[in-house]
Structures are given as C-alpha cells and as structure tokens.
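Residues per chain, in single letters:
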Amino acid sequence: MPADGDLGEAADVLRTGGLVAFPTETVYGLGANALDARAAARIFEAKRRPSFDPLITHLADAADLAPLVGPVSPAVAALAARFWPGPLTLIVDRPERIPPIVTSGLDSMAVRVPDHEHARRLIAAAGVPVAAPSANRFGQLSPTRAEHVVRGLGAAVDVVLDGGPSRCGIESTIVDARGDHPVVLRLGALPVEELEKAIGPVTVRPGSSGQPVAPGTLAAHYAPRTPLRLVHGAESVGADGGAGRGYLAFRDRPAGHWAAVEVLSAAGDLTEAAARLFDALHRLDAVGVTEIVAEPVPDAGVGRAVNDRLRRAAATWHPAP
Ligand code: TXA
Ligand code: MG
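Residues numbered from 1 in each chain as written. Chains lettered and ligands numbered in written order. Predicted model: local features only at pLDDT ≥ 70, side-chain atom pairs only at ≥ 80, totals over all residues. Heavy atoms only, no water.

K.L.:
Looking at this model, I keep getting lost on the nonpolar core. Mind explaining?
P.N.:
Among soluble globular proteins, nonpolar side chains are generally buried collectively. Counting residues in hydrophobic clusters, the biggest one holds 72 residues, and the most contacted among them are Leu30, Leu88, Ile170 and Leu248. The element best represented in this core is helix H8 (residues 270-286), accounting for 8 residues. Other than its neighbours up to four places away in sequence, Leu248 contacts Glu262, Leu264, Leu277, Ala280, Leu281, Leu284, Val293, Ala294, Glu295 and Leu310. Ala11, Ala60, Ile123 and Val130 belong to the second-largest nonpolar core, a separate cluster that totals 15 residues. (Core = buried A, V, L, I, M, F, W, Y, C linked by side-chain atoms within 4.5 Å. Buried < 20%, exposed > 50% of the residue type's maximum accessible area, 1.4 Å probe, protein only. Helix = DSSP H or I, 4+ residues; strand = E, 2+ residues; numbered from the N terminus. Contact = heavy atoms within 4.5 Å.)

Here it is, written out as structure tokens:
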C-alpha cells in the first residue's frame, strides 16, 4: 500500500499535467488528467499510440458520472449501478469538458470506475477524471505488475505506483448500451454471462469491422515480442516441437521437452487463468525462446476474453488470410 504521501504526490503530478501509472483490478493504467488536452497528448506519445485509438476515462466513484456526462440511457445507468466499481467500461456521449483528443475525435466516450483502492484514492485526490489506457507500448502485452510498466515504458512515465499484481489480469469489458441493443465492443474481465443476467441479451461484436472503433479489437494486438502460435494441444506441434520453444498451457503440463512452460491454472480455474495470462506471457517473452506455443482455454465466461487475447497475439505473426 503506498503511503498517503505517495498517492498525494502522484495526484499532484496528475493535476499538473504529468503521467502516473497506477494499478487497477484489470491491468495497470497510464493516467493523465482527462480535462487537459496536453496531458492526454503525452499518453499517446509515451505509448506510441496512434491518435485514432480513444482513451478510457476513469472516475473515482459511480456518483461522479452524472455530474460529468449528464443523463444516460437506462441500460447504462443499470450497468453502472450493478458493476461499478468493476471491470466494465461503458460508452456514453462525450461531454464538452472532455477534450476531443481523449476520445480521438469521437462524440462518444468510454468511462469506468476501477475496483482498486489505490486507483480510486488517486483519482479522488487528483479531483479530476483520469484518462488511462493500459500502461504498455501500443500493441504489446498489457502490464499486470508495476515492473512490467517500468520495463515497457520506463522514463516516459513520471510516477509508477506499485499495487502488486492485478487481480483480474485482463482488461475491462467494453459495452455500448446507449441504444436499444447493447453491444459488447471488447470481451474482458466481466463475463458476457454476467452482463446478460443484468440487462438481458447483448450482442458480442469485438472487432467485427476493419474500423478501429476499439483498437483493443484490432486483429493484431496484445502481442509478445516473441512470435506466438495458437495450437490445439502440444501434440500438434510434433515430436521435437518443444526444442527452443515455450508453451503456454491452460491446466496440464504438456508432454515433450519445452524450453519453458507456463501453466495458467493447474486447478482449471478460468478466473485464475485470466489473472495469470499476461504475467505468464511476459515471462515466456523474457526467457529467449524462438516461439511461444499457446493453447486456448475453455471458451466460456472470462475464458472468452483470454482466447480473444491469444488470437490477437497470434495474429501479429500469422495474419489471417
Ligand atoms: O481495463 C481496462 O480497460 C484498462 C484499465 C487501465 O482501465 N484500460 C484499457 O485501455 O484497456 P486501453 O486504451 O488499452 O483500451 C481501451 C479500449 C481501446 O480499444 C479503445 O479503442 C476503446 O477502449 N475505446 C475507448 N473509447 C472508445 C469509444 N468512445 N468507443 C469505442 N471504443 C472506445
Ligand atoms: Mg491496451
């Protein structure tokens, strides 16, 4: 737990236009004052993020939404009431006070209240909404530990707050519930099944078009530096397949001689697998293997978001025809 003084200092850095990396329950965020266009511009520079990729605005409390954005649709209100603080990002109309750079010129804005005490105290102390993408360079693995942020962004960040490993380990689910038919724009830590219990059927449409409405949905994203291949079982790699390669398994250690193996959850628990996904990929990426071979996890609950990340990581190196 950072001392209040550290949080206070970090809040000052935010208020004066600086960049603060902070823990959330999903992944670490790279925060800037969302009311300050120049501060937001620094996020795009630090991440080398294309300007067409809009940021998520973070609030300290669900009660801060109405004063910022005014009235919202009943479904948005219901989802915020049910799941905030938590790993759900909602699309709302962009208020005047938020400069267009934050939303990449869109009339809409993504917003969420993170379920992490440091994050909420930081945002509350700053007294401003905080724009924050994941604290990694564009297209690369998301950070679930402070050390991932330091390794990936280093001097580009003014302050890194260490809150330990992220509990969910995978980004928030993004939902556009402004209209009559709620649409999931990005699969994430909040399972679709949970959303549907709260508001009825939703359509899942992550990255169905070439338009980068939510670039977390670009075909190639969330990628380690090492080429990643998605297979159905280690056997499919062949007899000598393991040599020099790393293997990312769901629950069972693979047969064969692999240079490195990461098991996401020996108990076969999808929540644990999601929490460990990026950490395991960061480790496999650091051991100097020629290729990471990964198997999908069961495609239910948060497992759908894990498989989504694995497919996009693989797509970087093996573009779909
Ligand atoms: O869990 C999370 O959401 C983490 C933590 C830090 O909160 N943040 C995160 O941000 O994943 P980022 O920038 O890596 O991904 C944000 C996604 C992008 O794919 C972006 O395109 C989409 O949100 N997005 C932002 N504003 C949008 C909008 N107005 N309409 C549709 N998609 C939007
Ligand atoms: Mg990201």
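K.L.:
Would you take a moment to explain the sheet that holds strand S3 (residues 56-58) for this structure?
P.N.:
Strand pairing within a sheet occurs via backbone hydrogen bonds; the two strands may be parallel or antiparallel. Overall, mixed pairing links the 10 strands, which are arranged S7-S1-S2-S6-S3-S5-S4-S8-S9-S10 in an open sheet. The strands lining the two open edges of the sheet, one partner per strand, are strand S7 (159-160) and strand S10 (203-204). Running at roughly 155° to strand S2 (residues 29-33), helix H2 (residues 37-47) makes contact with S2 and strand S6 (130-131) of the sheet. (Pairing = 2+ DSSP bridges. Axes fitted to C-alpha atoms, helices over the stretch in contact; angles between N-to-C directions.)

K.L.:
What is the right way to read the packing of aromatic side chains from this model?
P.N.:
The description of two aromatic rings rests on the distance between their centres and on the angle between their planes. Under the criterion given, the structure shown has 1 aromatic pair. Taking 4.8 Å as the distance between ring centres and 50° as the angle between the ring planes, the aromatic pair formed by Tyr247 and Trp258 counts as tilted. With a gap of 11 residues between them, Tyr247 in strand S12 (residues 245-249) and Trp258 in the loop between S12 and strand S13 (260-263) connect regions that are remote in the sequence. The same class applies to Tyr247 as to Trp258, namely buried. (Phe/Tyr/Trp six-rings, centres within 6.5 Å; stacked < 30°, edge-to-face > 60°.)

K.L.:
Looking at this structure, how should I read the confidence of the model for the protein?
P.N.:
Put simply, the protein has an average pLDDT of 92, and 92% of its residues get 70 or more. Across residues 208-212, confidence stays below pLDDT 50; counting only partners more than four residues off in sequence or on other chains, it has 2 contacts. (pLDDT = per-residue confidence, 0-100.)

K.L.:
Looking at this structure, how should I read the pattern of salt bridges?
P.N.:
Here the idea is simple: oppositely charged side chains can pair when their charged atoms come close. Inspection of the entire model under this criterion finds 19 salt bridges. One salt bridge in this structure joins Asp93 and Arg178, with 3.5 Å as the shortest N-O distance. Linking Asp93 in strand S4 (residues 88-93) with Arg178 in the loop between strand S8 (173-176) and strand S9 (183-186), this pair joins segments that are 85 residues apart in sequence. Arg178 sits in the partly exposed class, given a relative accessible area of 36%. Residues participating in the shared-partner salt-bridge network are Arg145, Glu262, Arg276, Asp279 and Arg283. (Salt bridge = Lys/Arg side-chain N within 4 Å of Asp/Glu carboxyl O.)

K.L.:
I would appreciate a short explanation of the sheet that holds S13 in the present structure.
P.N.:
Strand order in the open sheet formed by 4 strands is S11-S14-S12-S13, and the pairing between neighbours is parallel. Of all strands in the sheet, those bounded by a partner on one side alone are strand S11 (228-230) and S13. With strand direction ignored, the average angle separating the axes of adjacent strands in the sheet is 20°. Relative to strand S14 (residues 291-294), S11 runs parallel, the two sharing 3 bridges. Among the inter-strand pairings, Arg229 is bridged to a residue of S14, identified as Val293. Across the face of the sheet, helix H9 (residues 303-315) comes into contact with S11, S12 and S14 while running at roughly 125° to S11.

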